[in-house]
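# A structural walkthrough
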Amino acid sequence: MALALGVLISGRGSNLLAILDAIQDGRLDANVNIVISNKENAGGLELAKERGIQTKFIDPKTFAQENNRREAYDLVVGKMLQEHGVECVVLAGYMRIVTPALIRMFPSKMVNIHPSLLPSFPGLDAQRQALEWGAKVSGCSVHFVTEGVDEGPIICQKPVVINQGDTVETLSERILEQEHRLYPEALQLMAQERLQVDGRTVRILH
Ligand code: GAR
């Protein structure tokens, strides 16, 4: 049975598109049941609509008056994902910290892609951080989402060599190319139930 994905985005959605392409080409045995964004103008929403996928913008401002507004927001997101039969939640350029309330609804079934070789350069502007540090290699990581930001067990990574003269833009572009390969591969391992989490280590079953 194809794995039912729910994708959370905030921006242009190139990783979402790579996932949809992999599904179309038969490289990924999954379906995207819904795409949710916290930004109304996220380009990825249009991309999804063009492919006939259900989309939803959930406005964080609606929750501004609530006591635990981040949790309240996440509970609505989680409920919507559940209502759409989502088994695995895919963060693809989702620039919002997810609360434990949402993580608990999808135990070991929420993944994120990050544009660095974690645990180096977590958080925002990972590519800029790598350049400013003077690193010679960076890359991208797909990991399970846990309560610590960018701290969950790593599923897979791809390195990208940093060239002299690289800018944030040129490095980001080369990392993104690898992200587009890595995310569908990681999700396919999930779809095939080949990932076994043992503490911090994710074993890939053959
Ligand atoms: C990607 O580079 C992704 O790794 C990064 O945002 C970009 C989204 O691009 N995510 C993070 O930095 C999360 N901390 P996309 O919208 O084209 O997929």
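The following refers to the structure shown. (Residues numbered from 1 in each chain as written. Predicted model: local features only at pLDDT ≥ 70, side-chain atom pairs only at ≥ 80, totals over all residues. Heavy atoms only, no water.)

## Details of the pattern of salt bridges
Enumeration over the complete set of coordinates arrives at seven salt bridges. Where K49 meets E46, a salt bridge forms, and the shortest distance between an N and an O atom there is 3.3 Å. With a gap of three residues between them, K49 and E46 both fall in helix α2 (residues 43-50), about one helical turn apart. Residue class for K49 comes out partly exposed when judged on its relative accessible area of 45%. (Salt bridge = Lys/Arg side-chain N within 4 Å of Asp/Glu carboxyl O. Helix = DSSP H or I, 4+ residues; strand = E, 2+ residues; numbered from the N terminus. Buried < 20%, exposed > 50% of the residue type's maximum accessible area, 1.4 Å probe, protein only.)

## Remarks on the packing of helix α1 (residues 14-25) against helix α6 (residues 168-191)
Two elements in contact, α1 and α6, have axes whose closest approach is 9 Å; the angle formed by their N-to-C orientations is 50°. Between α1 and α6, the interaxial angle falls into the category oblique. Pair α1 / α6 crosses with right-handed handedness. Where α1 abuts α6, its residues S14, N15, A18, I19 and A22 lie against L176, E179, H180, Y183, P184 and L187. The residue makeup of the contact of α1 with α6, split by class, is seven nonpolar, three polar and one charged. (Axes fitted to C-alpha atoms, helices over the stretch in contact; angles between N-to-C directions. Parallel < 35°, antiparallel > 145°, perpendicular 65-115°, else oblique. Left-handed = near helix turned anticlockwise from the far one by under 90°. Contact = heavy atoms within 4.5 Å. Nonpolar A, V, L, I, M, F, W, Y, C, P; charged D, E, K, R; others polar.)

## With respect to the site of the ligand
Within the structure, the ligand sits among R12, G13, S14, N15, G93, M95, I113, H114, P115, L176 and E179. A distance of 2.6 Å separates an oxygen atom of the ligand from a polar atom in the side chain of S14. Residue N15 places a side-chain N or O atom 3.0 Å away from an oxygen atom belonging to the ligand. The site holding the ligand turns out to be the largest pocket. Secondary structure elements with two or more residues in the shell around the ligand: α1, β5 (110-114) and α6. Split by residue class, the shell around the ligand holds four nonpolar, five polar and two charged. (Near = heavy atom within 4 Å. Polar contact = N/O pair within 3.5 Å; in protein donor to acceptor, adjacent residues only side chain to side chain. 1 Å grid on protein atoms, 1.4 Å probe; cavity = no way out; pocket = protein on both sides within 12 Å on 5 of 7 lines; lining within 4 Å. Sits in = over half its atoms within 2 Å of the grid points.)

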